[in-house]
Amino acid sequence: MANQSTRMPNAGARMVSTPDVRLATLMDLPQLTPTKSALDAKYDTYQNPLNSRYCSNEMKYIFSPRNRFSTWRELWVFLAESERALGLDISEEAIEQMKNKMQIQDYEFETAATEEKRRRHDVMAHVHTYGLAAPAAAGIIHWGATSCYVTDNADLMFLRDAIEILLPKLASVIHKLSTFALKYRDLPCLGYTHGQAAQLVTVGKRATIWIEDLLDDLHNLEHQRERLLSKFRGVKGTTGTQASFLAIFKGDHSKVKKLDDMVTEKSGFNGASRSTTQTYSRKIDVDIIHALASFGCTAERIGGDIRHLAMFKELEEPFEADQIGSSAMAYKRNPMRSERLCSLGRNLSNISGAAEQTYKSQWLERSLDDSAIRRITLPESFLCADACMILLNNISSGLVVNKAIIKQRIDLELPFMATENVIMAMVDKGVSRQETHEQIRVLSHQAGAMVKQEGKNNDLLERIKTTEFFEPIVKDLDALTDPTTFIGRCPEIVEEVLMEDVRPALEKYETQIGRLGHAVGELNV
């Protein structure tokens, strides 16, 4: 498969020509002067916060104008090379000029923008611009193709490359949470059902719930990547009939099929859809964005859990030495990372509706009402997912467990939870179960009143110890109320999840996880 990194610019090169900067350059805004760079215009035009605050450079580059239009040129090279190999009259000089000018330059954006304003057609504007850069090829660029040859095939390449960026980042999150889960696999803490204290779990066991959901997200994205690799649009013509290419090759069906196969392989795909309309099926967008939206749900769920535990002061996200929690309340340690995670996860989970509406609104062989919305939904879904993965990597790298608070909260609730153990122990000593239940009921209500009405500690165990009725089990009371006896198989469950679920899933990502290191969780703001 083609390596997406081959289309990434050199580290020292300018990464992006943003639409905002290009627009400001062309508009002759009053605030732009000969001494003020066009790059400064970003402060005078709206910036999508996904782009300006939350995402990685590599993801932003995938959907950048430079990568988009350079990929169009790459596809035109693939088409011309394949057509020449199959006997069409295309010179070696034309191919070489196209290859040498495959990376679009800054000044060419202005040329293309001027032509597009004149023609109202983005693809033909870039055919014209590319022809100026490679004059020997000007007459054969886009030969036999329709606009979707470059727009749709490029989009499929971007989807593939973007998924490839996300997968190791997601694997890194799972790896970090697995390390956390293993460390705290046997640390008891309160479980919560209905928002109320329930049977004890462990800090590590709770983390495996997040891990299992993230593994599902990993498998979903892997499935979409593998499916996508056999769904290239390829060389299909205006309505999916390949009629234009059949005409070019004088009715030779075998050459048309070979052309489709050659371009597909050059583009790094295993196969192409056999039957398309003018576009690739927007069902592909739906399914991929569904996988991303599902991950968005997971991100919000994990962020919500951490926020609740931070509210109880049991668990805290990383908090830097100079970080400010509140502009007014200097003491606060707000879980801003988890709150941002919930916000972005919520946005991501809602993008799927737009993809669904776009797919089902398509007419027959194609309608253009999909174009503008896909320029928004496709990049933003991946940018949003990327931002969530950066946040999750950051949070999972430095979760703080407040053991003293956890013990304090257990001590507040455990006496009530332990009453069933006390009843069973009394029955083992030959005491009536019903009579013991009544004694426990009375003492529990007394202790509960002390906690709720007077704000005192839960003294139920002390009341049991000083009540003569319970003398047969007093010496066993500490063992009966040991928190570690209430966690069931939590430590074993953690170890089984890590060994049987996580280990095989992450094995293929070990090198990439190591290469990502701590930088994958670095926040811009």
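The chain is annotated in an unreviewed UniProt entry as Adenylosuccinate lyase from Salinomyces thailandicus. The UniProt entry for the chain carries the following text under Sequence similarities (unreviewed entry): "Belongs to the lyase 1 family. Adenylosuccinate lyase subfamily." In its Subunit (unreviewed entry) section, the UniProt record describing the chain reads: "Homotetramer. Residues from neighboring subunits contribute catalytic and substrate-binding residues to each active site."

Caption draft 1: Just the overall build of the chain, in detail. Within the chain, the regular secondary structure consists of 21 helices and 4 strands. For the chain, buried positions account for 50% of its 525 residues. For the chain, contacts bridging at least 24 residues in sequence account for 79% of all contacts bridging at least 6. Element-wise, carbon and sulfur atoms account for 51% of the exposed surface of the chain, whose accessible area totals about 25700 Å².

Caption draft 2: Quick peek at unusual backbone geometry. The backbone of His194 sits at a positive phi, close to 60°, despite the residue not being glycine. Tracing the sequence through the fold places His194 in the loop between strand 1 (188-193) and strand 2 (196-202). Looking at His194, the relative accessible area reads 79%, which means it is exposed. Phi is positive for Lys250, close to 55°, though the residue is something other than glycine. As for its placement among the helices and strands, Lys250 is situated in the loop between helix 10 (243-248) and helix 11 (253-266). When its relative accessible area of 75% is taken as the criterion, Lys250 is described as exposed.

Caption draft 3: Just the confidence of the model for the chain, in detail. Within the chain, residue pLDDT values average 89, and 90% of them lie at 70 or more. By mean pLDDT, the top-scoring element of the chain is helix 9 (residues 203-228) (98), and the lowest-scoring one is helix 1 (residues 19-27) (39). For residues 1-6, every residue scores under 50 in pLDDT, and the model assigns this stretch 10 contacts once sequence neighbours within four places are set aside. Predicted confidence for residues 11-36 stays below pLDDT 50, and this span has 36 contacts to residues more than four positions away or in other chains.

Caption draft 4: Looking closely at the environment of Ile165. By the secondary structure assignment, Ile165 is in helix 8 (residues 147-183). Given the relative accessible area of 7%, Ile165 is considered buried. Residues Ile165 and Phe382, spaced 217 residues apart in sequence, show a C-alpha to C-alpha distance of 9.7 Å.

Caption draft 5: Local environment of the pattern of salt bridges. Evaluated as defined, the whole model comprises 32 salt bridges. The shortest N-O distance in the salt bridge between Asp155 and Arg68 comes to 3.1 Å. Linking Asp155 in helix 8 with Arg68 in helix 4 (residues 65-85), this pair joins segments that are 87 residues apart in sequence. Asp155 is paired through a salt bridge with Arg374; the nearest N and O atoms lie 3.2 Å apart. Here the residue Asp155 occupies a position in helix 8, and Arg374 occupies one in helix 14 (residues 371-396), the gap between them amounting to 219 residues. Summarising the burial analysis for this pair, Asp155 and Arg374 share the class buried.

Caption draft 6: Region of the structure containing the nonpolar core. If you look at the biggest cluster of nonpolar residues, it comprises 120 residues, and the most contacted ones within it are Trp76, Met98, Tyr149 and Phe382. The element best represented in this core is helix 8, accounting for 19 residues. Core analysis: the next-biggest nonpolar cluster, separate from the first, contains 13 residues, Ala425, Met426, Ala447 and Ile473 among them.

Caption draft 7: Summary view of helix 8. With 37 residues, helix 8 ought to run about 54 Å at 1.5 Å a step, and its terminal C-alpha atoms sit 55 Å apart, in line with that. Within helix 8, 31 of the 37 residues are buried, which leaves the element mostly enclosed by the surrounding structure.

Caption draft 8: Region of the structure containing the packing of helix 12 (residues 283-311) against helix 13 (residues 336-360). Direction vectors running N to C along helix 12 and helix 13 enclose 160°, while the axes themselves pass 7 Å from each other. What the angle tells us is that helix 12 and helix 13 run roughly antiparallel. Crossing handedness for the pair helix 12 and helix 13: left-handed. Residues that form the contact of helix 12 with helix 13 fall into these classes: 14 nonpolar, 8 polar and 7 charged.

Caption draft 9: Layout of the state of the cysteines. Counting across every chain of the model gives 0 disulfides. With no disulfide of its own, Cys342 lies closest to Cys388 among cysteine sulfurs, the gap being 9.3 Å.

Caption draft 10: Structural detail: the environment of Asp476. Here Asp476 lies in the loop between helix 18 (460-465) and helix 19 (477-480). C-alpha separation for the pair Asp476 and Ala425, spaced 51 residues apart in sequence, amounts to 8.6 Å.

Caption draft 11: Broad picture of helix 20 (residues 490-506). Spanning 17 residues, helix 20 covers 22 Å between terminal C-alpha atoms, matching the ideal 24 Å at 1.5 Å per step. Maximal helix bending in helix 20 amounts to about 30°, located at Leu498. For helix 20, the set of buried residues is Cys490, Pro491, Val494, Val497, Leu498, Val502, Ala505 and Leu506. Considering only its buried residues, helix 20 is in contact with helix 8, strand 2, helix 9 and helix 21 (510-516).

Caption draft 12: Looking closely at the pairing of strand 1. Sheet topology places strand 1 next to strand 2; 5 bridges connect them, and they run antiparallel. Opposite Gly191, over in strand 2, you have Ala198 as the bridge partner. Counted between consecutive antiparallel strands, the loop separating strand 1 from strand 2 contains 2 residues, among which His194 sits at a positive phi close to 60°.

Caption draft 13: A look at the packing of aromatic side chains. One pass over the structure, following the stated rule, counts 10 aromatic pairs. What links up through ring pairs into an aromatic cluster is the set Phe69, Trp72, Trp76, Phe109 and Tyr130. Stacked on the ring of Tyr280, the Lys or Arg Arg282 has its end atom at 4.7 Å from the ring centre. Seen from the ring of Phe312, Arg409 lies directly overhead, with NZ or CZ sitting 4.3 Å from the centre.

Criteria and cut-off values
Each residue is numbered by its place in its chain's sequence as written, counting from 1. Reporting of local features is limited, given that this is a predicted model, to residues whose pLDDT is at least 70; pairs of side-chain atoms are given and counted only at 80 or more, and all residues count toward the totals for whole chains, interfaces and linings. Heavy atoms throughout the structure, all of them, feed into the side-chain values; hydrogens and water do not. UniProt positions are given in the numbering used here, feature names are shortened, and annotations may be inferred rather than shown by experiment. The numbering of helices and of strands both runs from the N terminus, where a helix is a DSSP run of H or I of at least 4 residues and a strand a run of E of at least 2. In this scheme, a residue with accessible area under 20% of its type's maximum is buried, one over 50% is exposed, and one in between is partly exposed, where area comes from a 1.4 Å probe on protein chains only. In this description, contact between two residues means that some pair of their heavy atoms is separated by no more than 4.5 Å. The Shrake-Rupley method, run with a 1.4 Å probe sphere, supplies the accessible areas, and residue values consider only the shown protein chains as cover. A residue's pLDDT is the confidence the predictor assigns to it, expressed on a 0 to 100 scale. Each salt bridge in this description consists of a side-chain nitrogen of Lys or Arg and a carboxyl oxygen of Asp or Glu lying within 4 Å of one another. The criterion is simple. A nonpolar core is a set of buried Ala, Val, Leu, Ile, Met, Phe, Trp, Tyr and Cys residues joined through side-chain atoms within 4.5 Å. To estimate how far a helix should reach, multiply one less than its number of residues by 1.5 Å. Every angle, taken between N-to-C directions, lies between 0 and 180 degrees, and every axis is a line fitted to C-alpha atoms, over only the stretch in contact when it is a helix. Note on terminology: angles under 35 degrees are roughly parallel, angles over 145 are roughly antiparallel, angles of 65 to 115 are roughly perpendicular, and the others are oblique. The handedness criterion is simple: a crossing whose near helix is rotated anticlockwise from the far helix by less than a right angle is left-handed, and one whose near helix is rotated clockwise is right-handed. Under the scheme applied here, ten amino acids are nonpolar (Ala, Val, Leu, Ile, Met, Phe, Trp, Tyr, Cys and Pro), four are charged (Asp, Glu, Lys and Arg), and all others, including Gly, are polar. Disulfide assignment relies on a single distance test, namely cysteine sulfur atoms paired within 2.5 Å. Each residue is assigned a bend, namely the angle between axes fitted to the seven residues that terminate at it and the seven residues that start at it. In short, DSSP must find at least two bridges between two strands for them to pair. Between rings of Phe, Tyr and Trp, where Trp is taken as its six-membered ring, a pair exists when centres lie within 6.5 Å; planes separated by under 30 degrees are stacked, by over 60 edge-to-face, and by other angles tilted. Here, over-ring charges are defined by two tests on the NZ atom of lysine or the CZ atom of arginine: distance to the ring centre within 6 Å, and angle to the ring normal within 35 degrees.

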